[in-house]
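Given next are the chains, with one letter for each unit.
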Amino acid sequence: KFWIWGHYISYQKYAFEALCKNEFDGLVFNCDRTSTGACNCFYLDDLQSSCQFRGETVLAAYGYEDVSIVAWVMVLLGMAFIYRIIFWLLVEWHAHRGLK
C-alpha cells in the first residue's frame, strides 16, 4: 500500500492505458473454434453466440473502460513539464552549490 503513489507518478501507467484504449476501443475480435466446433473465446460478452468479443470487454477486464485518451495525454505532457522543471532546479542547485 505504501508504494501506490509510485503507480500514479509513473508515465508508463498513462501511456499504456491510453495505448490500450486507442487500440481496443471499437474493435470486434473473432474467437478460435475447437476441433468440435465449439467457440473458444478469451473474453465472454454479448457476441459470444457469434464466436466474437468486443475490444471494450478487454478494456473492462483490465479496468480501463473509463480511460480518456485526451486526459491521459494531457497528464503525460504535464508530467514532462513538471519533471523538466524539477530537474532544471536540481541542476541549478548543484551548479550553485559547486561554485562556493
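The written sequence of each chain sets the order in which its residues are numbered from 1. Selection of residues for local features in this predicted model requires a pLDDT of at least 70, selection of side-chain atom pairs for listing and counting requires 80 or more, and totals for whole chains, interfaces and linings are taken over all residues. In computing side-chain values, all of the structure's heavy atoms are included and hydrogens and water are not.

A look at the pattern of salt bridges
Next, step 1: We define a salt bridge as a side-chain nitrogen of Lys or Arg found within 4 Å of a carboxyl oxygen belonging to Asp or Glu. Within the structure shown, the criterion is met by 2 salt bridges.
Next, step 2: Lys-13 is the partner of Glu-17 in a salt bridge, and the nearest nitrogen-oxygen pair spans 3.0 Å. Taken as a pair, Glu-17 and Lys-13 lie in helix 2 (residues 11-24) at a separation of 4 residues, close to a single helical turn. In this pair, the class of Glu-17 matches that of Lys-13, namely buried.
Next, step 3: Between Asp-46 and Arg-54 there is a salt bridge, with the nearest N and O atoms lying 3.2 Å from each other. Here a helix means four or more residues in a row that DSSP labels H or I, a strand means two or more in a row labelled E, and each is numbered from the N terminus. For every residue, the accessible area obtained with a 1.4 Å probe (protein chains only) is divided by the maximum for its type, and the residue is called buried under 20%, exposed over 50%, and partly exposed between those limits.

Side note on unusual backbone geometry
Next, step 1: Located in the positive-phi region is Cys-51, a residue other than glycine, with phi close to 60°.
Next, step 2: Locating Cys-51 in the fold gives a position in the loop between strand 3 (39-40) and strand 4 (52-54).
Next, step 3: Given the relative accessible area of 5%, Cys-51 is considered buried.

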